[in-house]
Amino acid sequence: MTPWEAAAVFGAGAGAGAVNAVVGSGTLITFPVLLATGLPPLTATVSNGLGLVPGSIGAIIGYREELRGQGRRVLILGAGAVLGGLTGAVLLLTLPASAFERIVPALVGLALVLVACQPLIAGRVRRRRAERGPAPRDSGPLLFSGLTLASVYGGYFSAAQGIIYVSLMGMLLDDTLQRLNAVKNVLAALVNTVAAVLFLFFAEFDWTAVLLIAAGSALGGLLGARTGRRFSPAVLRTLIVSVGTLALVHLVLR
């Protein structure tokens, strides 16, 4: 990896850490940069998953005030996140690399659609709440099942998993967006961590890429959590969709 490529990977890690803390689709920033350095898609995904763990932890630290009083909710939903994340990581390691390379363009496309449609999703959540009245404050079987399935996706390919988490919790729980976003960061950290432990022993990854993304995402996660409320959602979505579209074009033309 050249010095310029290393700088790009570090910068992408910082951007991904900040975006993950606020929105939850930072993989669409780091993944194409790793592909551009020459890493195969599967190796890039594993290296990215390992590198983003510190960023998730930094986001949790930044949102610690919003996590107060949510211990029971985090324990219940976190159990599903661990189970789902482990399942997704096992699928990533057991399915052939050729299958992943065929699937990943569709996953990137899905993530882009979710990011682009986030305002519509949020608007629908608000309308459903207005029509049905306050949602329960505690998790139920439907939310637990939905978040567990979303965590399977996150363990396999993490792009936009945070948007799925917040959308499900927003529809099924009665709480503020910032508190739900704090829970989202915990769930993403759990998925990334259990997948990372598995990857360390059974997957091929690039240590240089992992360390650069880890350093960048740790910084970005802390800064993103502290300043996330000042970011323009439109600017973030435009950046993510633009970078993700480049990754999709690259994957299709490979």
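Heads up: these notes are all about the structure in this document.

Cut-offs applied
Residues numbered from 1 in each chain as written. Predicted model: local features only at pLDDT ≥ 70, side-chain atom pairs only at ≥ 80, totals over all residues. Heavy atoms only, no water. Helix = DSSP H or I, 4+ residues; strand = E, 2+ residues; numbered from the N terminus. Buried < 20%, exposed > 50% of the residue type's maximum accessible area, 1.4 Å probe, protein only. Contact = heavy atoms within 4.5 Å. Areas by Shrake-Rupley, 256 points an atom, 1.4 Å probe, with all protein chains shown as cover. Salt bridge = Lys/Arg side-chain N within 4 Å of Asp/Glu carboxyl O. 1 Å grid on protein atoms, 1.4 Å probe; cavity = no way out; pocket = protein on both sides within 12 Å on 5 of 7 lines; lining within 4 Å. Points joined across faces, edges and corners; volume = space filled by probe spheres on them. Polar contact = N/O pair within 3.5 Å; in protein donor to acceptor, adjacent residues only side chain to side chain. Core = buried A, V, L, I, M, F, W, Y, C linked by side-chain atoms within 4.5 Å. Axes fitted to C-alpha atoms, helices over the stretch in contact; angles between N-to-C directions. Parallel < 35°, antiparallel > 145°, perpendicular 65-115°, else oblique. Left-handed = near helix turned anticlockwise from the far one by under 90°. Expected span 1.5 Å × (residues − 1).

Some thoughts on the overall build of the protein
Helix and strand counts for the protein stand at 12 helices and 0 strands. Secondary structure elements of the protein occur, N-terminal to C-terminal, as α-α-α-α-α-α-α-α-α-α-α-α. Evaluated residue by residue, the protein yields a buried proportion of 52% over its 254 residues. Considering only intrachain contacts with a sequence separation of at least 6, the fraction spanning at least 24 residues in the protein is 85%. In the structure as shown, the protein presents an accessible area of about 11400 Å², 70% of it carried by carbon and sulfur atoms.

What about the pattern of salt bridges?
All chains considered together, the criterion is met by 1 salt bridge. One salt bridge connects Glu65 with Arg68, and the closest N-O pair in it is separated by 2.9 Å.

So, empty space enclosed by the protein
A full pass over the atoms with the stated rule returns 2 cavities of 30 Å³ or more. Put simply, the largest cavity is a space of about 140 Å³. Taken together, 16 residues form the lining of the largest cavity, with Asn20, Ser56, Gln161, Ala188 and Asn192 sitting closest to its centre. Elements with a minimum of two residues in the lining of the largest cavity: helix H1 (3–22), helix H4 (53–62), helix H9 (161–172) and helix H10 (177–202). Element by element, the count of residues in the lining of the largest cavity is highest for H10, at 4 residues.

Notes on the side chain of Ser217
By secondary structure assignment, the location of Ser217 is in helix H11 (residues 207–227). Note on Ser217: relative accessible area 0%, which makes it buried. Among the polar contacts made by the side chain of Ser217, one reaches the main-chain carbonyl oxygen of Gly51 at a distance of 2.9 Å. Beyond its immediate sequence surroundings of up to four residues, Ser217 is in contact with Gly13, Ala14, Gly17, Gly51, Leu52, Pro54 and Gly55.

So, helix H2 (residues 27–36)
Burial of H2 is extensive: 8 of the 10 residues sit out of reach of the surface. Where H2 terminates, the next one or two residues include Gly38, which has phi positive at roughly 105°.

Details of the nonpolar core
Note that soluble globular proteins tend to have their nonpolar side chains buried in a common cluster. Residues Phe31, Leu34, Val46, Leu50, Val108, Phe157 and Phe199 are the most contacted members of the largest nonpolar core, which totals 43 residues. Of all elements in the fold, only H1, H2, helix H3 (41–51), helix H5 (71–94), helix H6 (97–116), helix H8 (141–156), H10 and H11 reach the threshold of two or more residues within this core. Setting aside its immediate chain neighbours within four residues, Phe157 contacts Thr27, Phe31, Thr45, Phe100, Val104, Leu107 and Val108. Ala59, Leu77, Leu187 and Ala225 belong to the second largest nonpolar core, which has 21 residues in total.

Remarks on the packing of H3 against H10
Orientation of H3 relative to H10, taken along the N-to-C sense of each, is 125°, at an axis distance of 8 Å. Comparing the axis directions of H3 and H10 gives the class oblique. When the axes of H3 and H10 are compared, the crossing they make is left-handed. Of the residues in H10, those touching H3 at Val46, Gly49 and Leu50 are Asn192, Ala196, Phe199 and Leu200.

Observations concerning the environment of Gly155
Along the chain, the position of Gly155 falls in helix H8. A relative accessible area of 4% places Gly155 in the buried class. Taking C-alpha positions, Gly155 is 4.7 Å from Ala89, a pair spaced 66 residues apart along the chain. Non-local contacts of Gly155, meaning those with residues more than four positions away in its chain, are made with Gly85, Gly88, Ala89, Leu92, Val191 and Phe199.

Concerning H9
Helix length check: H9 (12 residues) gives 17 Å between terminal C-alpha atoms against 16 Å at 1.5 Å per residue, within 8%. Within H9, 9 of the 12 residues are buried, leaving the element largely enclosed by the surrounding structure. Buried within H9 are the following residues: Gln161, Gly162, Ile163, Tyr165, Val166, Ser167, Leu168, Met169 and Gly170.

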